[in-house]
Amino acid sequence: MLKVAVIGAKGRMGTYVCEAVEGAEDMELVARLDAGDDLAEVIKTAGATHAVDFTTPQTAEANAMAALGAGVHVVVGTTGWTEEAYARVREAAAAAGKSVLIAPNFAISAVLAMKFAAAAAPYFESVEVIEMHHPDKLDAPSGTAIATAKGIAAAREAAGAPALPDNTQTDELGTRGGKVTGVPVHAVRLRGLYASEEVLLGNPGEQLVVRTDCFDRVSFMPGVLLGLRKVADYQGLTIGLDAFLGL
Ligand SMILES: NC(=O)C1=CN([C@@H]2O[C@H](COP(=O)(O)OP(=O)(O)OC[C@H]3O[C@@H](n4cnc5c(N)ncnc54)[C@H](O)[C@@H]3O)[C@@H](O)[C@H]2O)C=CC1
Ligand SMILES: O=C(O)C1=N[C@H](C(=O)O)C[C@H](O)C1
């Protein structure tokens with residue numbers, strides 16, 4: 001039986017995660033944590049084996065460190081990570097002998113969209129990413145869009161694809177998007193949306209669109225539960241759910 005502590009339990013995602021863990025036959029929800037709680041103390045006292053973090057880009061690293069310090073495996077959905085923060089968590093996980101999964105997106109449609117976009121990217125001259133989210137989101141671009149752009153850039157580099165064509169001479173307002181590893185990323189914040197992403201891939205006379213839409217937070221729950229079930233099987237830090245899906 002996995003004994004799970006949920007960090008950010010009062011939040012939009014945390015509420016769903018608590019419900020999903022409570023509904024899983026092989027899991028027990030042993031702690032609901034939120035801002036102001038002594039994470040390490042509560043996690044230890046509750047006898048947790050695993051912690052899940054859905055909080056804020058400003059707090060996720062410290063929370064993961066506290067959970068590792070309390071001796072549990074950690075699954076993180078919070079976005080806004082830097083390469084330096086990944087490196088610090090990788091080191092801390094190794095020192096603690098525990099495993100950490102940090103996944104920018106737990107929805108199968110989004111994980112596959114990232115894979116499909118990377119597979120297609122070397123075959124097209126142009127690629128741009130448009131992510132579209134609810135306006136209460138704290139970070140831009142989304143963690144998914146950053147991971148998508150990195151995957152596209154890595155695939156193009158491995159295939160020896162040339163730089164993306166762009167003859168823009170002036171862009172004082174930054175309307176050509178932010179460049180993530182050279183790939184333009186555009187962030188839309190619109191009331192009524194939840195979480196969508198489009199990858200536009202263009203060649204002379206043709207276009208491919210890879211699109212994922214999450215309409216409800218329930219879409220992330222199978223991935224979160226899978227992450228909890230598998231995280232201990234993967235030593236150290238894993239980034240992205242794709243490894244756990246055999247992709
Ligand atoms: N990986 C994925 O599939 C997904 C990731 N996310 C990410 O999850 C994060 C949370 O998103 P939402 O639930 O929409 O945000 P939210 O704002 O609804 O919830 C965040 C919760 O964290 C709590 N919190 C803040 N600081 C804390 C601390 N130091 N310790 C413990 N709790 C603390 C807040 O009080 C709040 O209850 C965001 O970074 C978002 O991008 C969201 C959806 C899916
Ligand atoms: O904040 C959100 O809501 C979401 N955040 C994640 C991200 O930044 O990619 C995943 C999903 O898009 C929902």
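In every chain, residue numbers begin from 1 and rise along the written sequence. All chains are assigned letters beginning at A, and all ligands numbers beginning at 1, according to the order in which they are written. A pLDDT threshold of at least 70 governs which residues receive local features in this predicted model, and a stricter bar of 80 or more applies before side-chain atom pairs are shown or counted, although totals over entire chains, interfaces and linings include all residues. The side-chain numbers reported here are obtained from all heavy atoms of the structure, hydrogens and water having been left aside.

Another point: the nonpolar core. Only buried residues count toward a nonpolar core. Its members are Ala, Val, Leu, Ile, Met, Phe, Trp, Tyr and Cys residues joined through side-chain atoms within 4.5 Å. For every residue, the accessible area obtained with a 1.4 Å probe (protein chains only) is divided by the maximum for its type, and the residue is called buried under 20%, exposed over 50%, and partly exposed between those limits. Ranked by internal contacts, the top residues of the largest apolar core, which has 33 residues, are F106 and L228. Helix and strand labels come from DSSP, where a helix needs a run of H or I of at least four residues and a strand needs a run of E of at least two; each type is numbered from the N terminus. Those elements that place two or more of their residues in this core are β1 (2-7), α1 (12-23), β2 (27-33), α5 (108-120) and α7 (221-230). Those domain boundaries reflect an automatic or database domain assignment. In terms of domain composition, this core takes at least three residues from each of domain 1 (2-102 + 218-244) and domain 2 (108-215). For this analysis, residues touch if any pair of their heavy atoms sits within 4.5 Å. Not counting chain neighbours up to four residues away, the residues in contact with L228 comprise L2, V4, V21, M27, H50, V52 and V75.

As recorded in UniProt, the sites labelled "domain: Dihydrodipicolinate reductase N-terminal" (unreviewed entry) are residues 3-106. Secondary structure across residues 3-106 divides into 42% helix and 22% strand, with the first and last C-alpha atoms of the span separated by 20 Å. UniProt positions are given in the numbering used here, feature names are shortened, and annotations may be inferred rather than shown by experiment.

Every residue close to ligand 2 is listed here: T79, P104, N105, H133, H134, K137, S142, G143, T144, Y194, A195 and F220. Here T144 contributes a side-chain N or O atom positioned 2.4 Å from an oxygen atom of ligand 2. The accessible surface values rely on the Shrake-Rupley method and a 1.4 Å probe; as for residues, cover is taken only from the protein chains in view. Alone, ligand 2 offers 320 Å² of accessible surface; in the complex the protein occludes 85% of this. Gly is placed with the polar residues, together with every amino acid not listed as nonpolar (Ala, Val, Leu, Ile, Met, Phe, Trp, Tyr, Cys and Pro) or charged (Asp, Glu, Lys and Arg). Partitioning the shell around ligand 2 into residue classes produces 4 nonpolar, 7 polar and 1 charged. One heavy atom suffices: a residue is near a molecule or strand as soon as one of its heavy atoms comes within 4 Å of it. Any N or O atom pair separated by 3.5 Å or less is treated as a polar contact, with the protein-specific requirement of one donor-capable and one acceptor-capable atom, and with residues adjacent in sequence counted only for side-chain atom pairs.

So, on to the pattern of salt bridges. For salt bridges, the criterion is a side-chain nitrogen of Lys or Arg within 4 Å of an Asp or Glu carboxyl oxygen. Scanning the model with the defined rule gives 13 salt bridges in all. Of the charged contacts in the structure, one is a salt bridge between D26 and R229, with a shortest N-O distance of 2.6 Å. Residue D26 is located in the loop between α1 and β2, and its partner R229 is located in helix α7; the two are separated by 203 residues in the primary sequence. R211 is the salt-bridge partner of E198, the closest N and O atoms lying 2.7 Å from each other. Taken together, the residues span a long stretch of sequence, with E198 in strand β9 (residues 195-203) and R211 in strand β10 (residues 206-214) at a distance of 13 residues. Through salt bridges with shared partners, one network takes in E128, D166 and R176.

With that out of the way, let us pick up the sheet that holds β9. Whenever strands of a sheet pair, they do so through backbone hydrogen bonds, lying parallel or antiparallel. By the convention used here, strands pair only if DSSP detects at least 2 bridges between them. What the 5 strands build is an open sheet, ordered β7-β8-β6-β9-β10; its pairing is mixed. Unpaired on one side and paired on the other, β7 (178-180) and β10 mark the two borders of the sheet. Taken pair by pair, the neighbouring strands of this sheet meet at an average axis angle of 25°, ignoring direction. Against the sheet, α5 makes contact with β9 and β10, and its axis sits at roughly 160° relative to β10, the strand it touches most. Every axis corresponds to a line fitted to the C-alpha atoms, with the helix fit spanning only the stretch in contact, and the corresponding angles, defined between N-to-C directions, vary from 0 to 180 degrees. Lying over the sheet, helix α6 (residues 143-159) contacts β6 (126-133), β7, β8 (183-189) and β9, oriented at roughly 170° with respect to β6.

On to α5, then. To estimate how far a helix should extend, the number of its residues minus one is multiplied by 1.5 Å. Spanning 13 residues, α5 covers 18 Å between terminal C-alpha atoms, matching the ideal 18 Å at 1.5 Å per step. For α5, the secondary structure elements touched by its buried residues are α6, β9 and β10.

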